[in-house]
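# Structural characterization, general
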Amino acid sequence: MGSNGIRDRVAIVGMGCTRFGEHWDSSAADLLVDATEELFAATPVVNKDDVDAYWLGTLASGQSGMTLSTALCPDYKPVTRVENYCATGSEALRNACYAVASGAYDRALAVGVEKLKDSGFSGLVRSDPPGDGTAAELSLTAPAAFSFLDPAYCARYGVHENDMREAMTHIAWKNHANGALNPKAQFRSGVTKEQVEQAQVVAGRLGVLDCSGVSDGAAAALVVPAEEAHLYTDRPLFIKGLSLVAGAAGGASDPAYDFTTFPEVVHSARDAFAQARVTDPATELSLAEVHDCFTPTELVLMEDLGFAERGRAWKDVLNGAFELTGRLPVNPDGGLKSFGHPVGASGLRMLYECWLQFRGEAGQRQLDDPRLAVTHNLGGRPGNCVSFVAVVGPDRAG
Amino acid sequence: MSSANGIVAYAGYVPRYRVQREEMAAGLGAQSGPGARVVAGCDEDSTTMGVEAAAALLATLPEGDRAPAGGLYLATTSPAYADKANAAAVHAALDLPSSAFAADVAGSARSGMAAWRAAAADGGMAVMSDVRRGLPGSGDERTGGDGAAAFLFGDADHAVAEIVAQVSETAEILDRWRAPGGVAAGQWEERFGVEAYQPLAERAVRAVTDAAGGVAPDHAVVVSPNPGVAKRVRRLAAGAVSTTGSPVGHAGAADVGLGVADALDRAQPGDTILVLSVADGCDALMLRVTDRIAAARQPHPVADQLTCGIDVPYPTYLAWRGLLEREPPRRPEPDRPAGPPSARGARWKFAFTGARCLQCGFVHLPPQRVCKGCRAVDDMVPCPLARSAGTVATYTVDHLAFSPSPPLIEAVIDFDGGGRYTLEVADAAPETITVGTRVTLTFRMLYTSHGVHNYFWKARVADTQEPGYRQATPDAKRGADHG
């Protein structure tokens, strides 16, 4: 087995991220231009002609590299479109990083974009190949699939449903409070715990305020070799570990799976932490951006990522461990919940918060001297998903 | 194939839902009546109810002796498709051999007797099934009913009831009619039909009694699409023990079948049953119940099925039947099922047959080539689970999903002996489901998209009487991967 990683071989030296939200006046092409122009404006030593290759992540806002090339008009450069469910933005980053690490390119741009608000529908709209009509995913919506976590977690750990409800509410409340401090977040107002619990029910015990925001947005990252990073910026972000795993839908078909964990997350975290030489994520990390698509997802991720002991995350959540002032701030930018979830952009948006935090540019959300961060991006649903974990930091090991 | 002279097995199916007639009347300011109307769920049609009845019939037979010698004849006035044999879907759902003949006998109430005659002639199975619609406020809406029945025919030696005599009369009468595709039937003045049919019925009763050697019936079952006819003819043909009509109200092509199934539920060995079905003529049968009836009765008598209904609000029922257009959720309509993948996976989609790994025993739903348990390739055998029971591992109520009748209840089902799949739950109120609830399977129509019906299986909360209610041996739960 050789997941060797590319620890400290590439760096992010420029980023851009649009405000996430309902951009009725912007197309996917507009959002791509906005995110990349912001990046170039903030990184004056480089311009579009200096980019050697592009990786575009989008779930459903365009097909092929042409989606980017027709919007940005690069001069006959390679553009690859990638898609990996809700981990699409991270997949664009991962491929751009490997392209630079391989030596094939000096400067690669990873861009993610999603334009969800043009469909007129609530939530995500699937685009499936012709099938026999028997797949559970066809009828069961994402909030319904993730709502399975709630009763399963209560049953496994003997957690009273009121305590579980309180923990889910706390996560929504926390991420909205963080997002309220973020000028680029979709939802810039806090919510009370009463509002969370009285929101219209969507699926199971999940209400509207247990769900991430459906939004439009784009984010971009410029990847260069680590040894050249300081030519572009005095505060680069170094890639320490990158892992992506795809499950075999094991949990969806195996009675042994109990819906209290994402084995895909456990495996990707183990791989990324090994690459980054992280042995105790709960104490070594300064912050984590995780895939809080629904409130119980964030709860379970705290255990799968090793931030909390099995069966105890709900207590840690309620004790404030993952708040801005807690022992390990989680989703300081508001997360999917409050920043919004334009699918193809979300993985890069997570990285954008790490970028700001390491540079001391996170405004009211700024953490004290962050040294190591994780981004975690999930695509699919419990029992049937892909998971991405990155470890990033502002320092390059000697 | 030799002519089969008896009913070897039978079953009736009464759908779960009921609309209170009082509520119908209150909503429209129309004429009321006592009791409730039996209605099919929004995920039921003549094909799925036919499967219910036929599967219940086959379940009364010994394992390995379940394929009818003759054909499968599906009778209905409400075919799910035209230009495509609905009997083929029933045949697939029952997992019958491809060599079995299956065809529809569709169009009128008399199609039920046509299927009966065809099946009786070749030792086959008659499946009679109908969803009867009527315009809001109509007599058909109020006094009709939905349901299905199935009869398997064979040698008199194996019969639960012999066919002693059978006669028919035919007449062209404009009493009931409906243009193909029309919502509701027309009916001429009821008394016209009564007068026109009475002499036919009288001749048929005389003829069948003569042919049966002059026996007086212990039971009489009299059905007709014309309520006045049914009432009048009962006076001509009373049974010594019972005289009954349709148990659910006029049920189209299933009417006579449900009536006979109900009579067989009650009849004693040696009893005779006179069956009169008055529709576009008159069909008369004399049956004699044999000693085998005691051991071969269907486990859920029609009368019992009638007692365990779930009330559905009248407006919801109207929406189910397409008589009230409801605001759809802000979700895209599902795609229609595609022909080639549905055909490739027909045993999966229609007969809920998975694959069991010969190396490690892992049960795959749907079938897979590479084992999720041990990664062995192409070493699987089919694993039919349509008659299996299972347990709810977890569940949810989805208010956002596209559904003809929201909310959608979905549950992850772990099957006894292996296999897991996520299925919709049929005929259920959310409060009846919890982790650990025992379920069996039922064949349903999930939705219709672009004129194509999406048939698949749903979970249904197991009846405490069902064999699947108790789990044989709880599977030891392996620990999930916690890294």
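Criteria and cut-off values
- Just so you know, the residues in each chain are numbered from 1, in the order the chain's sequence is written.
- Starting at A for chains and at 1 for ligands, labels are handed out in the order in which the entities are written.
- Since the coordinates come from a predicted model, pLDDT governs what is reported: local features require at least 70, and pairs of side-chain atoms require 80 or more to be given and counted, while whole-chain, interface and lining totals use all residues.
- Helix and strand assignments come from DSSP, with helices taken as H or I runs of at least 4 residues and strands as E runs of at least 2, each series counted from the N terminus.
- Two things to know: the radius of gyration comes from C-alpha atoms, and the globule rule equals 2.2 Å times the number of residues to the power 0.38.
- To sort residues by exposure, count the other C-beta atoms lying within 10 Å of each residue's C-beta; 20 or more gives buried, 12 or fewer gives exposed, and values between give partly exposed, all with C-beta atoms placed from the backbone.
- Residues are treated as contacting if the C-beta atoms built from their backbones sit within 7 Å of each other.
- pLDDT gives the predictor's per-residue confidence on a scale running from 0 to 100.
- UniProt positions are given in the numbering used here, feature names are shortened, and annotations may be inferred rather than shown by experiment.
- Angles here are taken between N-to-C directions and fall from 0 to 180 degrees, while the axes themselves are lines fitted to C-alpha atoms, restricted in helices to the stretch in contact.
- Orientation categories follow fixed angle ranges, with anything under 35 degrees roughly parallel, anything over 145 roughly antiparallel, 65 to 115 roughly perpendicular, and all other angles oblique.
- Note on residue categories: nonpolar means Ala, Val, Leu, Ile, Met, Phe, Trp, Tyr, Cys or Pro, charged means Asp, Glu, Lys or Arg, and polar means any other residue, Gly included.
- Residue ranges labeled as domains rest on an automatic or database domain assignment.
- The span one expects for a helix is its residue count, reduced by one, times 1.5 Å.
- Nonpolar cores are identified as sets of buried Ala, Val, Leu, Ile, Met, Phe, Trp, Tyr and Cys residues joined via C-beta atoms within 7 Å.
- By the convention used here, strands pair only if DSSP detects at least 2 bridges between them.
- By convention, a crossover is right-handed whenever its connection, traced from the first strand over the helix to the second and viewed with the strands pointing away, goes clockwise.

## As for the overall build of chain A
When you go through chain A residue by residue, the secondary structure sums to 15 helices and 11 strands. Its C-alpha atoms give chain A a radius of gyration of 20 Å, within 12% of the compact-globule value 21 Å for 398 residues. Its C-alpha atoms put chain A at 55 × 50 × 45 Å along the principal axes. Across the 398 residues that make up chain A, the buried fraction comes to 64%. Once local pairs closer than 6 in sequence are excluded, the contacts in chain A between residues at least 24 apart make up 78%.

## Quick word on the overall build of chain B
Helix and strand content of chain B: 13 helices and 23 strands. What you see for chain B is a C-alpha radius of gyration of 23 Å, in line with the 23 Å of a compact globule of 483 residues. In terms of overall dimensions, chain B has C-alpha extents of about 80 × 55 × 40 Å along its principal axes. Going through the 483 residues of chain B one by one, you find that 54% of them count as buried.

## Some thoughts on the confidence of the model for chain B
Looking at chain B as a whole, its pLDDT mean stands at 92, while 95% of the residues score no less than 70. Predicted complex metrics record ipTM = 0.93 and pTM = 0.94.

## What to know about the UniProt feature "domain: Thiolase N-terminal" (unreviewed entry) in chain A
Per the UniProt annotation, the sites labelled "domain: Thiolase N-terminal" (unreviewed entry) are residues 10-226 of chain A. As annotated, residues 10-226 of chain A has a helix share of 37% and a strand share of 18%, and its two end C-alpha atoms lie 4 Å apart.

## Here we look at the packing of helix H7 (residues 161-179) of chain A against helix H12 (residues 295-304) of chain A
How two helices pack is summed up by the angle between their axes together with the distance between the axes. Residues and elements named next belong to chain A. Running from N to C, H7 and H12 cross one another at 100 degrees; their axes reach a closest spacing of 8 Å. Comparing the axis directions of H7 and H12 gives the class roughly perpendicular. Mapping the contact onto sequence places Ala167, Met168, Ile171 and Ala172 in H7 and Thr295, Pro296, Glu298 and Leu299 in H12. When its residues are assigned to classes, the contact of H7 with H12 shows 6 nonpolar, 1 polar and 1 charged.

## Observations regarding the interface of chain B and chain A
Contacts between the two partners involve 42 residues from chain B, matched on the other side by 41 residues from chain A. Residue assignment for the side of chain B that touches chain A shows that the elements contributing at least two residues are helix H12 (339-344), helix H13 (346-349), strand S19 (390-398), strand S20 (408-415), strand S21 (420-426) and strand S23 (452-461) of chain B. The leading source of residues in the side of chain B that touches chain A is S19(B), at 5 residues.

## Focus on the domain arrangement of chain A
Residues and elements named next belong to chain A. As far as domains go, chain A holds domain 1 (10-122 + 216-237) and domain 2 (139-210 + 239-393). Of the residues lining the interface, 37 residues belong to domain 1; the matching set on domain 2 comes to 33 residues. Those elements that place two or more of their residues in the side of domain 1 that touches domain 2 are strand S1 (10-17), helix H3 (88-101), strand S4 (108-115) and strand S7 (216-225). Among the elements that take part in the side of domain 1 that touches domain 2, H3 stands out by supplying 8 residues, more than any other.

## Section: the environment of A:Glu228
All names here are of chain A. Relative to the elements of secondary structure, Glu228 occurs in the loop between S7 and strand S8 (237-246). Exposure remark for Glu228: the 15 C-beta atoms within 10 Å place this residue in the partly exposed category. When the C-alpha atoms of Glu228 and Pro129 are compared, they prove to be 44 Å apart, with 99 residues separating the residues in sequence.

## Side note on helix H2 (residues 46-59) of chain B
Here H2(B) spans 20 Å end to end across 14 residues, near enough to the 20 Å set by a 1.5 Å rise per residue. Burial runs high along H2(B): 13 of the 14 residues are buried.

## Concerning the domain arrangement of chain B
Reports of interface size often rely on the accessible area that becomes lost once the parts have come together. All names here are of chain B. Under the domain assignment used here, chain B contains domain 1 (6-320) and domain 2 (339-469). A straight line from the C-alpha centre of domain 1 to that of domain 2 covers 30 Å. In this assembly, 18 residues from domain 1 lie in contact with 20 residues from domain 2. Sorting the residues of the side of domain 1 that touches domain 2 by element identifies H2, helix H3 (86-93) and helix H11 (314-320) as the ones contributing at least two each.

## Topic: the nonpolar core
If you look at the biggest cluster of nonpolar residues, it comprises 283 residues, and the most contacted ones within it are A:Ala110, A:Val111, B:Val127, B:Ala150 and B:Leu276. Here this core gets 10 residues from one element, more than from any other, and that element is helix H15 (residues 343-359) of chain A. Apart from the residues lying within four places of it in its own chain, the contact partners of B:Leu276 are B:Ala201, B:Ala204, B:Val205, B:Val222, B:Val233, B:Ala237, B:Cys282 and B:Ala284.

## Concerning the UniProt feature "domain: Thiolase C-terminal" (unreviewed entry) in chain A
UniProt's entry tags residues 258-381 of chain A with the feature "domain: Thiolase C-terminal" (unreviewed entry), counted in the numbering of this structure. Along residues 258-381 of chain A one finds 45% helix and 10% strand; the C-alpha atoms at either end are 13 Å apart.

## Notes on the pairing of strand S2 (residues 53-57) of chain A
All names here are of chain A. Most of S2 sits inside the fold, with 5 of its 5 residues counted as buried. Because side chains alternate across S2, one face comprises the buried residues Ala53, Trp55 and Gly57, and the other comprises Tyr54 and Leu56, equally buried. The pairing of S2 with S4 spans 5 bridges and is classified as parallel. Each residue of the ladder has a partner; that of Leu56, found in S4, is Val111. Where S2 meets strand S3 (residues 79-82), 4 bridges bridge the pair, whose relative direction is parallel. Bridging from a neighbouring strand, Tyr54 pairs with Val79 of S3. A crossover links S2 with its parallel partner S3, the connecting element being helix H2 (residues 66-72), and its sense is right-handed.

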